[in-house]
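# Descriptive analysis of the structure
This is what each chain is made of:
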Amino acid sequence: MIQIPKSEYARRRKALMAQMEPDSIAILPAAAVAIRNRDVEHVYRQDSDFQYLSGFPEPEAVVVLIPGREYGEYVLFCRERNPERELWEGLRAGQEGAIREYGADDAFPINDIDEILPGLIEGRDRVYSAMGSNPEFDRHLMDWINVIRSKAHLGAQPPKEFVALDHLLHDMRLYKSAAEIKVMRCAADISARAHVRAMQACRAGLHEFSLEAELDYEFRKGGSKMPAYGSIVASGRNGCILHYQQNDAVLRDGDLVLIDAGCEIDCYASDITRTFPVNGRFSPEQKAIYELVLKSQQAAFAAIGPDKHWNQAHEATVKVITAGLVELGLLRGDVGELIESEAYKMFYMHRAGHWLGMDVHDVGEYKVGGEWRVLEVGMTLTVEPGIYISPDNLDVAKKWRGIGVRIEDDVVVTRQGCEILSGGVPKTVAEIEALMAAAQEQVV
């Protein structure tokens, strides 16, 4: 399985420390274990920022970066080895493993952090931390600071300034390395196979969760430990609910199915949406809406590149969709005026995409200094225009009601424009109908 190499984590830590002020320290906790119910835990998933700097997969850990520290700049607090607990919960790296396998210069038991960390903070002018994102850890941090303050009369020097780590770390995460793009391409390939499998398995009379099961099977078969987010399998009128999650309705002949699903590999997400007919054949109205969304996505791809700003792709989809809705008679009026008044939002109410990376809605500012950010090589994002015609919209002809279509792909900005990472799923009407017809013939 493709993974981020250990050398890259070291490079990231070094790059972050190079941006930190002199005489400073950065402190970042691992994600807490989340309880599902009573004494049952959710499958553990590491905090993205912590993972980005360490690659360390365990809970109850704290990363400490101290530029210029004589005995090593990277300190990791983590759980000790414990044969009895490991019998029940699995192997732990321990302090030796933290150094040997995960590149720590120094490692201490997490149970000793109250005694050791104040001494590492003492004398540092500035503390970088993920302030506000983990209130419980913030309280611990202030306890450690207060320990130092209580000894000020003995010459101890508490830090003078506290700085949110986010603005440095999240800007770094916005630019993907070749290794990161390789992992994201792997996740997209697995997810593409899952979408194809769902199309091939689709039949009237099955349930939405029947297709979700096909997705999950292909994710796990490909080596992914979990979906990157809760899969959306929305048929019929459910396709007009943007974040539909029930996935329990019956698939009906004549309806569309909208699947928004992707897996993650090594904590990197994919995010793909396809919409297709339950019976394998688009109706004239479904085809018209689908091809309009697809046309708008193609326009967005053309508006992505290192010389373009973030909002140009969205603006391109709005122009195509608004003009198309007028042509179909779903909107009436001058296209420019309809765009200006945002009349299209009755049918297209979300933006054309978002940053993608370790979080499915990844970190990074969309505006810089009040202006849309200019795209740069290595940035990764989704392109996901859609049209949703509410089943309760009495202002349109009945034949259009309840049609929901979204098409989403993952792209990386290149010197030439953009590369589509998720191109392994059929996307044209002809391709989808041919794939589904072939699958149905095999069953017969």
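Residues numbered from 1 in each chain as written. Predicted model: local features only at pLDDT ≥ 70, side-chain atom pairs only at ≥ 80, totals over all residues. Heavy atoms only, no water.

Per an unreviewed UniProt entry, the recorded name for the protein is Xaa-Pro aminopeptidase, and the organism is Pseudomonas syringae pv. solidagae. Of the comments in the UniProt record for the protein, the one headed Cofactor (unreviewed entry) reads "Mn(2+)". (UniProt positions renumbered as here; feature names shortened; annotations may be inferred.)

This part is about empty space enclosed by the protein. Enumeration according to the criterion identifies 1 cavity of 30 Å³ or more in this entry. Here the largest cavity defines a volume of roughly 80 Å³. Residue classes in the lining of the largest cavity are distributed as 6 nonpolar, 4 polar and 1 charged. (1 Å grid on protein atoms, 1.4 Å probe; cavity = no way out; pocket = protein on both sides within 12 Å on 5 of 7 lines; lining within 4 Å. Points joined across faces, edges and corners; volume = space filled by probe spheres on them. Nonpolar A, V, L, I, M, F, W, Y, C, P; charged D, E, K, R; others polar.)

Following the criterion strictly, the structure yields 28 salt bridges and no others. A salt bridge links Glu89 to Arg85, with the nearest nitrogen and oxygen atoms 2.6 Å apart. Of the two residues, Glu89 and Arg85 both sit in helix α3 (residues 83-89), 4 residues apart, roughly one turn of that helix. By relative accessible area, Arg85 is classed as partly exposed at 32%. (Salt bridge = Lys/Arg side-chain N within 4 Å of Asp/Glu carboxyl O. Helix = DSSP H or I, 4+ residues; strand = E, 2+ residues; numbered from the N terminus. Buried < 20%, exposed > 50% of the residue type's maximum accessible area, 1.4 Å probe, protein only.)

This part is about the UniProt feature "domain: Aminopeptidase P N-terminal" (unreviewed entry) in the protein. The feature "domain: Aminopeptidase P N-terminal" (unreviewed entry), as given by UniProt, occupies residues 4-138 in the numbering adopted here. For residues 4-138, the helix share is 36%, the strand share is 21%, and the end-to-end C-alpha distance is 29 Å.

Before going further, it helps to spend a moment on the layout of surface pockets. Looking at the largest pocket, its volume works out to about 1,100 Å³. Lining of the largest pocket is provided by 37 residues; of these, Tyr44, Arg45, Pro57, Glu58 and Lys225 occupy positions nearest its centre. With 3 residues, the single largest contributor to the lining of the largest pocket is α3. Among the residues making up the lining of the largest pocket, the classes are represented as 16 nonpolar, 8 polar and 13 charged. There are two domains that each give the lining of the largest pocket at least three residues, and those are domain 1 (4-171) and domain 2 (174-439). (Domains from an automatic or database assignment.)

Where burial is concerned, most of strand β1 (residues 24-29) is hidden: 6 out of the 6 residues are buried. Side chains Ser24, Ala26 and Leu28 project from β1 onto one buried face, and the interleaved Ile25, Ile27 and Pro29 project onto a second face that is buried too. Pairing analysis gives 4 bridges linking β1 to strand β7 (residues 126-129), with the strands arranged parallel. Opposite Ser24, over in β7, you have Arg126 as the bridge partner. One ladder, built from 4 bridges, connects β1 with strand β4 (residues 62-65); its direction is antiparallel. When the bridges of β4 are listed, Leu28 appears paired with Val63. (Pairing = 2+ DSSP bridges.)

What follows deals with helix α6 (residues 135-149). Helix length check: α6, at 15 residues, gives a terminal C-alpha distance of 21 Å against a target of 21 Å (1.5 Å per residue), a fit within 8%. The set of residues buried in α6 consists of Phe137, Leu141, Trp144, Ile145 and Ile148. Angular distribution of buried residues about the axis of α6 spans 100°; they occupy a single face of the element. Exposed residues pointing more than 90 degrees away from the buried face of α6 are listed as Glu136 and Arg139. Here the buried face of α6 lies against β1, β4, α5 (113-121), β7 and β8 (161-164). (Expected span 1.5 Å × (residues − 1). Arc of directions from axis to C-beta. Contact = heavy atoms within 4.5 Å.)

According to the domain assignment, the protein contains domain 1 (4-171) and domain 2 (174-439). Listed by partner, the interface residues are 14 residues for domain 1 and 16 residues for domain 2. Here domain 1 and domain 2 share an interface that buries about 1,200 Å² over both sides, 52% of which is from carbon and sulfur atoms. If you sort the residues of domain 1 by the area they bury against domain 2, Ile4, Arg45 and Asp171 come out on top, with a joint share of 44%. Our count for the domain 1 to domain 2 interface comes out at 3 salt bridges. (Buried area = accessible area lost by both parts, 1.4 Å probe.)

Let us look at the state of the cysteines. Applying the stated rule across the entire model yields 0 disulfides. Residue Cys263 stays outside any disulfide, its sulfur separated by 7.3 Å from that of Cys186, the closest cysteine. In this structure Cys263 comes out as buried when scored by relative accessible area, which is 0%. (Disulfide = S-S within 2.5 Å.)

Counting residues in each nonpolar core, the largest one holds 97 residues, and the members touching the most others are Leu16, Leu211, Val257, Ile259, Phe276, Ile289 and Ile387. For this core, the leading source of residues is helix α8 (residues 178-201), giving 13 residues. Two domains each donate at least three residues to this core, and these are domain 1 (4-171) and domain 2 (174-439). By size, the runner-up hydrophobic cluster in this structure holds 20 residues, among which are Ile66, Ile110, Ile121 and Phe137. (Core = buried A, V, L, I, M, F, W, Y, C linked by side-chain atoms within 4.5 Å.)

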